[in-house]
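An overview of the molecular structure
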Amino acid sequence: MPCKNCSINPVIELPNSNVNLCKNCFIKYFESKAFKTIRQYNLLEDSNSIAVGISGGKDSLTVLYILNKIASTRKNLKLIAILIDEGIHDYRDITIENAKRFCKENKIELKIYSYKDEFGKSLDEFLKIMNDRKIKLKACTICGVFRRYLLNKKARELKVNKLATGHNLDDEAQAILMNQFKGNIDVSARLGPITGIIKDKRFIPRIKPLYFLTEKEVATYAFLKKFVDKYCECPNAEESYRIAVRDMLNEFENRYPGSKHAIINSFIEILPNLKEKFKNVNSIKDCKICNEPCSSDVCKACELLEKLR
């Protein structure tokens, strides 16, 4: 079937519909949907400085590009990219080069921070320690804790108002199901286009401009705009819980199209109630070891470092 709008050969059939769009029409659709999310949820409200957490992959470069388009029209909006180098051989070093090239071409300041510098060892080195000591922890568990820790810490040090990430509709649907399966409803209360339950100056609010765009749509946009020329997946991802949920959800979506959108739309309806219910459950403390904000006496990052040291 030709493009819905102009009868040109299409590049994509939109998920959750039978609509086909050509390259130009799809790019307009994609950007319009991202801009609508930003407006509808006031993601840039009162912001004069935005940090974008990037990896050099399709999602993060796409959200950086979208926000840079906005920054180019707003003289008072400063944009800076933050990249966390976990130290994953033959993976992160490749995406770092993508990120450097992209930021140079678009004249965006890029800050790179590494596990090695901040925690003393790279992720590869931590995984070797785990293997030698037979410590039963998933690579993604360690990486996720350290990555979130550094992104918030560095964003705060850079004095930005918001921290943008490239999370898309698929990512959020997976997170919702993971929390359901694990009984972590209080964690789901922190999700949404703008994360968190209560405001605290120690936590930089995270925003997700690609929240209502599927992974297929983001990948198509990134390839059409030539941000990346191939898809790279972390070599440690295969063993993760999220990948199992992703594969299950993709199979279900193939059999029952629209399932992912239904999950997100239903979740958005109940999210205000979740935030209200859990707003006073946990007070924010300062970690006794590193002084970073956390819900316990010692933050998750310091707990992991103690185990791995």
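Right, let's walk through the structure included here. (Residues numbered from 1 in each chain as written. Predicted model: local features only at pLDDT ≥ 70, side-chain atom pairs only at ≥ 80, totals over all residues. Heavy atoms only, no water.)

**Digging into the overall build of the protein chain**
Tallying secondary structure elements over the protein chain gives twelve helices and nine strands in all. The C-alpha atoms of the protein chain give 20 Å as radius of gyration, which agrees with the globular expectation for 309 residues (19 Å, within 12%). When its C-alpha atoms are laid out on the principal axes, the protein chain stretches across 60 × 40 × 40 Å. A total of 309 residues make up the protein chain; the buried ones form 50% of that total. For the protein chain, contacts bridging at least 24 residues in sequence account for 71% of all contacts bridging at least 6. A total of about 16300 Å² of accessible surface is found on the protein chain, and carbon and sulfur atoms cover 49% of it. Computing the positive centroid from 54 side-chain charges and the negative centroid from 39, the protein chain places the two 4 Å apart. (Helix = DSSP H or I, 4+ residues; strand = E, 2+ residues; numbered from the N terminus. Rg over C-alpha atoms; globule rule 2.2 N^0.38 Å. Buried < 20%, exposed > 50% of the residue type's maximum accessible area, 1.4 Å probe, protein only. Contact = heavy atoms within 4.5 Å. Areas by Shrake-Rupley, 256 points an atom, 1.4 Å probe, with all protein chains shown as cover. Lys, Arg positive; Asp, Glu negative; His and termini not counted. Charge placed at Lys NZ, Arg CZ, Asp CG, Glu CD.)

**Some words on the side chain of Q174**
As for its placement among the helices and strands, Q174 is situated in helix α7 (residues 169-182). When neighbours within four sequence positions are excluded, Q174 is seen to be in contact with R242, V245, R246 and L249.

**Brief notes about the packing of aromatic side chains**
Counted by the stated rule, this structure contains 15 aromatic pairs. Between the aromatic rings of F26 and F30, the centroid separation amounts to 6.0 Å while the plane-to-plane angle is 55°, which identifies the pairing as tilted. Here the residue F26 and the residue F30 both occupy positions in helix α1 (residues 23-40), the gap between them amounting to four residues, near one helical turn. Residue classification places F26 among the buried residues on the basis of a relative accessible area of 0%. Ring centres 5.7 Å apart and planes at 65° place the aromatic pair Y115 and F119 in the edge-to-face group. Pair noted here: Y115 and F119 are both in helix α4 (residues 115-119), with a separation of four residues, about one helical turn. Neither residue differs from the other here; Y115 and F119 are each classed as buried. What links up through ring pairs into an aromatic cluster is the set F26, Y29, F30, Y65, F102, Y221 and F227. One Lys or Arg, K182, reaches over the ring of Y241 and ends 4.4 Å from the middle of that ring. (Phe/Tyr/Trp six-rings, centres within 6.5 Å; stacked < 30°, edge-to-face > 60°. Lys NZ or Arg CZ within 6 Å of the ring centre and 35° of its normal.)

**Notes on the side chain of E292**
Checked against the element boundaries, E292 lands in the loop between β8 (285-286) and β9 (293-294). At 2.5 Å, the side chain of E292 forms a polar contact with the side chain of R156. When sequence neighbours within four positions are dropped, the list of residues in contact with E292 reads Y149, N152, K153, R156, K285, D286 and C287. (Polar contact = N/O pair within 3.5 Å; in protein donor to acceptor, adjacent residues only side chain to side chain.)

**Details of the pairing of strand β3 (residues 49-54)**
Here β3 lies mainly inside the structure; six of its six residues are buried. Across the two faces of β3 the burial is the same, with S49, A51 and G53 and I50, V52 and I54 all buried. In the sheet, β3 pairs with strand β4 (residues 78-85) via six bridges, with the strands oriented parallel. The residue bridging S49 from the neighbouring strand is K78, located in β4. You can see the chain leave β3, run along helix α2 (residues 58-71) and come back into β4, and the turn it takes is right-handed. Two elements, β3 and strand β6 (residues 162-164), share three bridges in a ladder whose sense is parallel. Within β6, the residue paired with V52 across the bridge is A164. (Pairing = 2+ DSSP bridges. Right-handed = clockwise from strand over helix to strand, strands pointing away.)

**With respect to the nonpolar core**
Counting 42 residues, the largest nonpolar core has V52, L64 and L67 as the members making the most contacts within it. Considering each element in turn, this core owes the most residues, eight residues, to α2. Those residues within four positions of V52 in sequence are excluded, and the remaining contacts are S60, V63, L64, L67, L79, I80, A81, I82, L163 and A164. Grouped together as the second largest cluster of nonpolar side chains are 37 residues, I80, Y115, L127 and C143 included. (Core = buried A, V, L, I, M, F, W, Y, C linked by side-chain atoms within 4.5 Å.)

**Let's talk about the sheet that holds β6**
Spatially, β5-β4-β3-β6-β7 is the arrangement adopted by the five strands of the open sheet, whose pairing is parallel. On the outer flanks of this sheet lie β5 (109-114) and β7 (206-207), each paired with one strand and no other. For β6 and β7, the ladder comprises two bridges, and the chain directions are parallel. Considered in β7, the bridge of A164 is made with I207. In the packing of helix α3 (residues 92-105) onto the sheet, the strands contacted are β3, β4 and β5, and the crossing angle to β4 comes to about 165°. This element, helix α6 (residues 139-157), spans β3, β4, β5, β6 and β7 of the sheet and lies at about 145° to β4. (Axes fitted to C-alpha atoms, helices over the stretch in contact; angles between N-to-C directions.)

**Details of helix α9 (residues 215-224)**
Burial of α9 is extensive: seven of the ten residues sit out of reach of the surface. Check the buried side of α9 and you find it contacts β1 (12-13), α1, α2 and α7. In the segment just after α9, K226 is the residue with positive phi, at about 60°.

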